[in-house]
Amino acid sequence: MRKSLLIASSAVALLLTSCKKNESGNKSVIKMDSSTTVVTDNNGKIDSVTESSSTMEVNGQKTEKTDFVYKATDGTLVKVVFKNDPKESTVAITSNKKTFTLHKTETKNGETIYEKDDMTARVKGDSLHLEQGNNIIELKRTKI
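Remember, it's a predicted structure, so these values are computed and weren't measured experimentally.

### Some remarks on the overall build of the chain
For step 1, the next point in the chain: Along the chain, the regular secondary structure elements total 1 helix and 12 strands.
For step 2, the next point in the chain: When its helices and strands are written in sequence order, the chain yields α-β-β-β-β-β-β-β-β-β-β-β-β.
For step 3, the next point in the chain: Residues counted as buried form 25% of the 144 residues belonging to the chain.
For step 4, the next point in the chain: Considering only contacts within the chain whose residues lie at least 6 apart along the sequence, 24% involve residues at least 24 apart.
For step 5, the next point in the chain: Per element, the accessible surface of the chain, about 10600 Å² overall, is 51% carbon and sulfur.

See the structure below:
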C-alpha cells in the first residue's frame, strides 16, 4: 500500500513539475492582424467576399496572406491563398486535398499571372483562369 501511494505521489509530483508553460516563445515573430480584410475593386466598391487575411512580421519583414473561396463552373469549391512577402508572391490553390503553389511572374493591365511548370493562373478581379496543358478551368470568387 505504501509503495503504491509513494509511486502515485511521485508520478503526480513529476507531472506537476514537467508541465510548465513556456510563455517567452519566439520573440522575432509578431502576429499583426488576423481579422477580415476589406478589399476594394478598381471602381472603389467594397468587395465583401474576402474570407480572411492576416499579416505577420518576422524580423521586421511583413508577410501577408489572404484566403478566398472560388467556385468552378461545375460547382466545385476551391480554396485559394495569396501570399505576399518580401522575397516572393505566390498563390496556393487547393482542391480535392491537393495543393498547387504557383509563383507570381508578372502583372499587366490589371491581370496578375502566376506560373509553375506547365500550370498558369491568371487572376483579374474576382476571376481566376487556370491552365494546365490543354485543360482550362474558370473559377469565380464566391461566398460560402
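Still more ground to cover, so stick around.
### So, the pattern of salt bridges
For step 1, the next point in the chain: The tally for this structure, following the rule as stated, stands at 6 salt bridges.
For step 2, the next point in the chain: The partner of K108 in a salt bridge is E106, and the shortest N-O contact between them spans 3.9 Å.
For step 3, the next point in the chain: Each of E111, R122 and E131 takes part in one network of salt bridges that share partners.

### Here's the deal with the packing of aromatic side chains
For any pair of aromatic rings, geometry is given as the distance between the ring centres together with the angle between the planes.
For step 1, the next point in the chain: Enumeration according to the criterion identifies 3 aromatic pairs in this entry.
For step 2, the next point in the chain: Where F68 meets Y70, the ring centres are 6.4 Å apart and the plane angle is 80°; that geometry is what we call edge-to-face. For the residue pair F68 and Y70, the accessibility class agrees, reading buried in each case.
For step 3, the next point in the chain: Between the aromatic rings of F68 and F82, the centroid separation amounts to 5.8 Å while the plane-to-plane angle is 75°, which identifies the pairing as edge-to-face. Linking F68 in strand 5 (residues 61-72) with F82 in strand 6 (residues 77-84), this pair joins segments that are 14 residues apart in sequence.

### What to know about the layout of surface pockets
For step 1, the next point in the chain: There is about 370 Å³ of room inside the second largest pocket.
For step 2, the next point in the chain: Taken together, 18 residues make up the lining of the second largest pocket; nearest its centre are S95, F100, L130, Q132 and I137.
For step 3, the next point in the chain: Elements with a contribution of two residues or more to the lining of the second largest pocket: strand 7 (89-95), strand 8 (98-108), strand 11 (127-132) and strand 12 (135-142).
For step 4, the next point in the chain: Per-class residue counts for the lining of the second largest pocket are 8 nonpolar, 7 polar and 3 charged.

### A look at the pairing of strand 9 (residues 111-116)
For step 1, the next point in the chain: Here strand 8 pairs with strand 9 via 5 bridges, running antiparallel. Directly across from E106, in strand 9, lies its bridge partner I113.
For step 2, the next point in the chain: Hairpin connection, strand 8 to strand 9: the antiparallel pair is bridged by 2 residues, and N109 has positive phi, about 50°.
For step 3, the next point in the chain: Examined bridge by bridge, strand 9 and strand 10 (residues 119-124) share 5 bridges and lie antiparallel to one another. By the bridge assignment for strand 10, I113 is matched with R122.

### Considering the side chain of S89
For step 1, the next point in the chain: Inspection of the secondary structure puts S89 in strand 7.
For step 2, the next point in the chain: On the accessibility criterion, S89 (16% relative accessible area) is buried.
For step 3, the next point in the chain: If we ignore the near neighbours within four places in the chain, the residues touching S89 are K83, N84, L102, H103, K104 and Y114.

### Focus: the nonpolar core
For step 1, the next point in the chain: Ranked by size, the top nonpolar core spans 16 residues in total, and within it Y70, V80, F82, I93 and L128 carry the most contacts.
For step 2, the next point in the chain: The set of elements that each furnish at least two residues to this core consists of strand 5, strand 6, strand 7, strand 10 and strand 11.
For step 3, the next point in the chain: Those residues in contact with F82 that sit more than four places away from it in its chain are E64, K65, T66, F68, Y70, T90, V91, Y114 and V123.

Thresholds applied
- Per chain, residue numbering runs from 1 following the sequence as it is written.
- With the structure being a predicted model, the display of local features is reserved for residues of pLDDT at least 70 and the display and counting of side-chain atom pairs for 80 or more, all residues being used for whole-chain, interface and lining totals.
- The basis for every side-chain value is the complete set of non-hydrogen atoms in the structure, without hydrogens or water.
- Helix and strand definitions here come from DSSP, where helices need a minimum of 4 consecutive H or I residues and strands a minimum of 2 consecutive E residues; each element is numbered from the N-terminal end.
- Accessibility here uses a 1.4 Å probe with only protein chains present; expressed as a share of the type maximum, an area under 20% marks a residue as buried, one over 50% as exposed, and anything in between as partly exposed.
- It only takes one pair of heavy atoms within 4.5 Å for two residues to be counted as in contact.
- Per-residue accessibility takes into account occlusion by the displayed protein chains alone, with areas from the Shrake-Rupley method and a 1.4 Å probe.
- We define a salt bridge as a side-chain nitrogen of Lys or Arg found within 4 Å of a carboxyl oxygen belonging to Asp or Glu.
- Aromatic rings from Phe, Tyr and Trp, taking only the six-membered ring of Trp, are treated as a pair when their centres fall within 6.5 Å; an angle between ring planes under 30 degrees marks them as stacked, one over 60 as edge-to-face, and anything in between as tilted.
- Here a cavity denotes grid points, spaced 1 Å and computed from the protein atoms alone, that fit a 1.4 Å probe unable to get out, and a pocket denotes an open set having protein on both sides within 12 Å along at least 5 of 7 lines; residues with an atom within 4 Å of a point are the lining.
- Grid points are joined across faces, edges and corners, and a volume is the space filled by probe spheres set on the points.
- Under the scheme applied here, ten amino acids are nonpolar (Ala, Val, Leu, Ile, Met, Phe, Trp, Tyr, Cys and Pro), four are charged (Asp, Glu, Lys and Arg), and all others, including Gly, are polar.
- Strands pair, by our definition, only if DSSP identifies at least two bridges between them.
- Put simply, a nonpolar core is a bunch of buried Ala, Val, Leu, Ile, Met, Phe, Trp, Tyr and Cys residues held in one set by side-chain atoms that sit within 4.5 Å of each other.

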